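Structure assessment
These are the residues of each chain, in order.
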Amino acid sequence: MNIRLLAKRNIQGNAQRYLAYFFSIVLSVSIFFIYASFIFHPDVVHANIPGGQLISKGLIAAEIVIIIFSVFFIAYSNAAFIQPRKKEFGLLTLLGMSKSQLRKLIYLEQTMVSLISIMIGVGLGFLFSKLFLMAVSWLLAVEQPISFVFVPEAFVYTIVGFVLLFQLLSLLSLFQIGNAEVVDLLKDKQKPKKTPFVSKWLIALSAVCLSISYYLAGTMSLNNSYRVLPIVFFVLIGTYFLFSQSIVALCSRLYRKKKSLYGGTNLITQTNLIFNIKDYSRLFFLTSIITAVILTAAGTLFMFSADLKKQGMDNIPQSIGWIENDASVYSVIEPSAVEKILKEDGFKILYEVNMTGVPITHMLPHMRTGESSENRSLLISESDYNNTAALRKIEPAKLSGKEALYIFPYGGLDYQFVHKGEQKELHFGDRTIQVTMIGQRNQSIVAPIKAATTLMVVDDHLYHEITADVPLKEMARVRGYEVKDWEESMETSSEIEQMSNNPNHNQLQTRAPIYQEMKQGSILILFIGLFVSLLFFIVQGSMMYLRVFTNLEDKKIQIHALHRLGLTKKEIRQILSAEIRILFFAPFLIGVIHAIVAYVALSNLLGSNLFVYSAMVIATYFLFQLLYYQVTKKMYGRAVINSIK
């Protein structure tokens, strides 16, 4: 018997404990290798793939996330493997093994597991990289699929990177043994657990931090998106003390209600919980944050992709829209030419926009500094606005006398440039018109380009009074066409753009190309993000699995004693199920609450009701969590029950 053989047998003997850890590392290495294969692919490096450089940047960011996450997971797992084996290390020391030999044994075990997982991970990554390239080729809609080639850089970066990472973390984990005496190692598990202590001040701090974070998230908009970092800070602080203090206090309070202890197996379940909750607090904190991150990231990507069409229609009001700076002529493109192309390509025109207005200037506050500066808008009549608003199913404006309504085109930006009752001067040439503002609407009705980016709506009588002697050549004309099935009008839109006299691409706007480009990008980001979210989910489940199986031997001793006292196997299964259920779903519940608050913030940012999408994401995640719970419960229950003689 030598140390190398002993390390090999220890791995075989702890195979069940290493299973989830091994699977998580293999998945991490595989995804890292697949992404690296694309990043260093010759066609991507030499920019032969349209959009390849953009995807490459996204994948580099994902690689960094995977590495950072792997550091925390491996460090946590190494600690979880060493802690329950202190008695074993004490026995080996008692039998004559020196501290250096003990450290060598632990180092060899971790090195063997890491090398095997890296090799298998790289192998699986190489096998599935072809499928990944095919999927990316389809998403990018390239004419020729991205070729499958051998990428040496992917092998080097993956193998060398993960080997160095494992070696560094393995060496750091050896310090956990320290200089503990044999008796301390042997009796580590026999030390009695004290009733956990809680602080009312820390409980209050938890409540305050979470309340602040939820308030900041619930009232967040585009103009105060800088709140993200403070929200994350308060959520982390609040969640940590929620589990380390508030939940501990709640369990202690429940434990003092003696009547509840005498029902079924509650006495054993609650007693185990009250004395283990302090140990569980760090795991609960980590897994709840991971759950919140997964749900928020996956939900954000899914919601943005699902809501993309609505966003396109909100921000680009018509399928084809343009502005003529001189309303007396059509210098950008003739409407008849647009109608002809649409008819030839089989697109039905749902409605058209044709309105004229006067370019004006007025003073508006700057969003950041609040200082007033000159801004341009297009002055239009109330009837023109209401006619187009009716076509877009927008509430009409109601004006009279010298009242005006300011139209800002971006609904997601919750900033009030004007206020009800405010007196404003509108300048046109050497003329000045005094109006009273009735408010502001953040929604567009015509293509927000050039002079028509923002609109100033006034009463018809006032409009005609202002523009009575203004020639058409000093006015601007806004044209637009909304067509049915506009998503399919890519080629038609491209043809219209080529026919137009729009050299700077700032007077004509088509919705389909912008939508398709955003859709393609969002699908790719969703595709990449789902891989990373899957990795996070597997790792989070693995941490729970590790926590369950590291205490397996102690649990067997406890259950064996309870069985001798008269508990049936059915009651024992109830105890085990309750403990695992708390472990899996307590942090899940908190993570879901965090994610729901994040979804509220996202709904405010996008100006959409995302309840259905968020419910779908949470339900899907819950089903996966439930599956993971059932598998762990079955394996754990079988391991414990089979030990009963």
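Everything below is about the structure printed above this text.
The following paragraphs examine the structure supplied in this document. (Residues numbered from 1 in each chain as written. Predicted model: local features only at pLDDT ≥ 70, side-chain atom pairs only at ≥ 80, totals over all residues. Heavy atoms only, no water.)

**Considering the pattern of salt bridges**
Applying the stated criterion to the full structure yields 4 salt bridges. Here Lys424 makes a salt bridge to Glu422, at a shortest N to O gap of 3.5 Å. (Salt bridge = Lys/Arg side-chain N within 4 Å of Asp/Glu carboxyl O.)

**A closer look at the nonpolar core**
Ranked by size, the top nonpolar core spans 101 residues in total, and within it Tyr21, Tyr35, Phe38, Leu59, Leu295 and Tyr636 carry the most contacts. In terms of residue count, the dominant contributor to this core is helix H20 (residues 569-606) (15 residues). (Core = buried A, V, L, I, M, F, W, Y, C linked by side-chain atoms within 4.5 Å. Buried < 20%, exposed > 50% of the residue type's maximum accessible area, 1.4 Å probe, protein only. Helix = DSSP H or I, 4+ residues; strand = E, 2+ residues; numbered from the N terminus.)

**Considering the side chain of Glu324**
On the secondary structure map, Glu324 appears in strand S1 (residues 320-324). Although Glu324 is buried, it forms no salt bridge, and the closest oppositely charged side chain is Arg477 at an N-O distance of 7.6 Å. A polar atom in the side chain of Glu324 sits 3.0 Å from the backbone nitrogen of Ser331. For Glu324, the residues in contact, after removing those within four places along its chain, are Val329, Tyr330, Ser331, Val332, Ile333, Met475, Ala476 and Arg477. (Lys, Arg positive; Asp, Glu negative; His and termini not counted. Polar contact = N/O pair within 3.5 Å; in protein donor to acceptor, adjacent residues only side chain to side chain. Contact = heavy atoms within 4.5 Å.)

**So, helix H14 (residues 335-344)**
Buried within H14 are the following residues: Pro335, Ala337, Val338, Ile341 and Leu342. Across the axial projection of H14, the buried residues extend over an arc of 160°, all falling on one side. Summarising the geometry of H14, the exposed residues directed more than 90 degrees from the buried face are Lys340, Lys343 and Glu344. Taken from the residues just after H14, Gly346 is the one with a positive phi, measuring 80°. (Arc of directions from axis to C-beta.)

**Focus on the environment of Thr111**
Inspection of the secondary structure assignment puts Thr111 in helix H6 (residues 99-140). Owing to a relative accessible area of 13%, Thr111 belongs among the buried residues under this scheme. Along the sequence, Thr111 and Gln167 sit 56 residues apart, while their C-alpha atoms lie 7.2 Å from each other.

**Looking at the pairing of strand S6 (residues 431-442)**
The pairing of strand S4 (residues 403-408) with S6 spans 6 bridges and is parallel. Residue Ala404 lies in a different strand from S6, and its bridge partner there is Met437. Where strand S5 (residues 423-428) meets S6, 6 bridges bridge the pair, whose relative direction is antiparallel. Within the sheet, the bridge partner assigned to Lys424 lies in S6 and is Val435. In this structure, the hairpin formed by S5 and S6 is closed by a connection of 2 residues, where Gly429 is found at a positive phi of approximately 65°. (Pairing = 2+ DSSP bridges.)

**With respect to helix H9 (residues 200-218)**
An α-helix turns once per 3.6 residues; consequently, residues spaced three or four apart project the same way. The terminal C-alpha atoms of H9, which comprises 19 residues, lie 27 Å apart, in line with the 27 Å expected from a rise of 1.5 Å per residue. All buried positions along H9 are accounted for by Ser206, Cys209, Leu210, Ser213, Leu216 and Ala217. Angular distribution of buried residues about the axis of H9 spans 130°; they occupy a single face of the element. The exposed residues of H9 that point more than 90 degrees off its buried face are Lys200, Trp201 and Tyr215. Near the N-terminus of H9, the side chain that reaches the backbone nitrogen of Trp201, with its oxygen 3.3 Å away, is that of Ser199. (Expected span 1.5 Å × (residues − 1).)

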